[in-house]
Amino acid sequence: MRLAFPGESADYRAARDRLLEREIELRRATEAVAAARRELPPGGVVPEDYAFDGADAHGSPTGVRFSELFAPGKDSLVIYSMMFPRDPGDQRPGPDAGQTAQLALVEGPCPSCTALLDQLDGAAGHVAERINFVAVAKAPLERVLTFAKERGWRQLRLLSSAGNTYNRDYLAETAEGSQMPMLNVFHRYGGTIRHFWGSELLYAPTDPGQDQRHLGTIEPLWNLFDLTPEGRPSDWWEQLSY
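In this report, we go over the structure that sits alongside the text. Model, not experiment: these values are computed from the prediction.

1. Looking at the packing of aromatic side chains
Turning to step 1, where the next piece is worked out: In this structure the tally under the stated criterion is 17 aromatic pairs.
Turning to step 2, where the next piece is worked out: Between Phe66 and Phe70, the ring centres sit 6.2 Å apart and the planes meet at 55°, which makes this aromatic pair tilted. The burial state of Phe66 is the same as that of Phe70; both residues are buried.
Turning to step 3, where the next piece is worked out: Residues Trp236 and Tyr242 carry aromatic rings whose centres are separated by 6.2 Å and whose planes lie at 10° to one another, so their mutual orientation is stacked.
Turning to step 4, where the next piece is worked out: Here the aromatic cluster, defined as three or more aromatic residues joined through ring pairs, consists of Tyr50, Phe52, Phe66, Phe70, Tyr166, Tyr170 and Phe186.
Turning to step 5, where the next piece is worked out: The cationic tip of Arg37 hangs over the ring face of Trp197; the distance from NZ or CZ to the ring centre is 4.9 Å.

Shown next, in the form of structure tokens:
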């Protein structure tokens, strides 16, 4: 099949065909990385049945154990650690209304984590058909649920890790107590739960002009920017409002 768009030049088509070859290479590399990930040997056994704070079907606070996050027939669990509280050096404005706006800036939610969860809230219902997915924050449960309501999230399952060491144990918290936007995947092998994969690219050295992109393959926002002539901006970051 010969592809062409209205009004394109021969130079454009030649350059686009060359780029297409690189896109095919990228697709193959992406598939190869995914295959290599699936072939990882079993990771470490989860050291304890962490106790999280969550909400029941009626919205009332309730405790939930790590092992209870696995629904029947679904043996993979994805946990995204939201930076709530945000990085101490993050000076982007907080919410402009609601109860969360009354928090000190340093105690509020990270705008970038919020933007990612804005996007994942729409996907959560589809994801739940095959795997378990939750977002965890260090902030007290009441703050987490209040912000979720203010943000309009409807499908995300949100938990607080204020009373356990999950964040510290799974690289979502620094030794100084700052939160990190880590994503971890766990798998249940019979009665044993093991760590499968974590977004360690977050901690890897970056090339000049790049951020970590540790979750770059799952975030529509930045990938859409990459498709444009302007590319992803180097002087712009997500905000809680615009």
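2. Observations concerning unusual backbone geometry
Turning to step 1, where the next piece is worked out: Following Phe84, the chain continues to Pro85 via a peptide bond in cis, the omega torsion being 20°.
Turning to step 2, where the next piece is worked out: Secondary-structure assignment places Pro85 in the loop between β3 (76-82) and α2 (111-127).
Turning to step 3, where the next piece is worked out: At Leu171, a position not held by glycine, the phi torsion is positive, near 65°.
Turning to step 4, where the next piece is worked out: Along the chain, Leu171 turns up in the loop between α4 (166-169) and β6 (183-189).
Turning to step 5, where the next piece is worked out: Positive phi, close to 55°, is recorded for Arg213, a residue that is not glycine.
Turning to step 6, where the next piece is worked out: One can find Arg213 in the loop between β7 (192-198) and α5 (220-226).
Turning to step 7, where the next piece is worked out: Residue classification places Arg213 among the partly exposed residues on the basis of a relative accessible area of 34%.

3. Digging into a negative patch on the surface
Turning to step 1, where the next piece is worked out: Negative charge collects at one region of the surface, where Glu48, Asp49, Glu68 and Asp169 lie side by side.
Turning to step 2, where the next piece is worked out: Considering the arrangement of structural elements, one finds Asp169 in helix α4.
Turning to step 3, where the next piece is worked out: Classification of Asp169 as partly exposed rests on a relative accessible area of 35%.

4. Section: the pattern of salt bridges
Turning to step 1, where the next piece is worked out: Tallied over the full model, the rule gives 14 salt bridges.
Turning to step 2, where the next piece is worked out: Asp90 serves as the salt-bridge partner of Arg92, at 2.9 Å between the closest nitrogen and oxygen. The residues Arg92 and Asp90 share a single accessibility class, namely buried.
Turning to step 3, where the next piece is worked out: In this structure, the salt-bridge partner of Arg213 is Asp211, at a minimum N-O distance of 3.8 Å.
Turning to step 4, where the next piece is worked out: The network of salt bridges with common partners includes Arg2, Glu8, Arg13 and Asp17.

5. What about the side chain of Arg232?
Turning to step 1, where the next piece is worked out: With respect to the helices and strands, Arg232 occurs in the segment after α5.
Turning to step 2, where the next piece is worked out: Of note is the side chain of Arg232, whose polar atom sits 2.7 Å from the side chain of Asp226.
Turning to step 3, where the next piece is worked out: Excluding residues that lie within four positions of it along the chain, Arg232 makes contacts with Asp211, Arg213, Trp222, Asn223, Phe225 and Asp226.

6. Notes on the pairing of β6
Turning to step 1, where the next piece is worked out: In terms of burial, β6 is a largely internal element, five of the seven residues being buried.
Turning to step 2, where the next piece is worked out: Where β3 meets β6, five bridges bridge the pair, whose relative direction is antiparallel. Across the sheet, the residue bridging to Val78 is Val185, located in β6.
Turning to step 3, where the next piece is worked out: The hairpin formed by β6 and β7 contains two residues between the paired strands, and Gly190 there has a positive phi angle of roughly 65°.

Parameters and conventions
Residues numbered from 1 in each chain as written. Predicted model: local features only at pLDDT ≥ 70, side-chain atom pairs only at ≥ 80, totals over all residues. Heavy atoms only, no water. Phe/Tyr/Trp six-rings, centres within 6.5 Å; stacked < 30°, edge-to-face > 60°. Buried < 20%, exposed > 50% of the residue type's maximum accessible area, 1.4 Å probe, protein only. Lys NZ or Arg CZ within 6 Å of the ring centre and 35° of its normal. Helix = DSSP H or I, 4+ residues; strand = E, 2+ residues; numbered from the N terminus. Patch = residues over 30% accessible without salt bridge, like charges linked within 9 Å, V, L, I, M, F, W, Y side chains within 5 Å. Areas by Shrake-Rupley, 256 points an atom, 1.4 Å probe, with all protein chains shown as cover. Salt bridge = Lys/Arg side-chain N within 4 Å of Asp/Glu carboxyl O. Lys, Arg positive; Asp, Glu negative; His and termini not counted. Charge placed at Lys NZ, Arg CZ, Asp CG, Glu CD. Polar contact = N/O pair within 3.5 Å; in protein donor to acceptor, adjacent residues only side chain to side chain. Contact = heavy atoms within 4.5 Å. Pairing = 2+ DSSP bridges.

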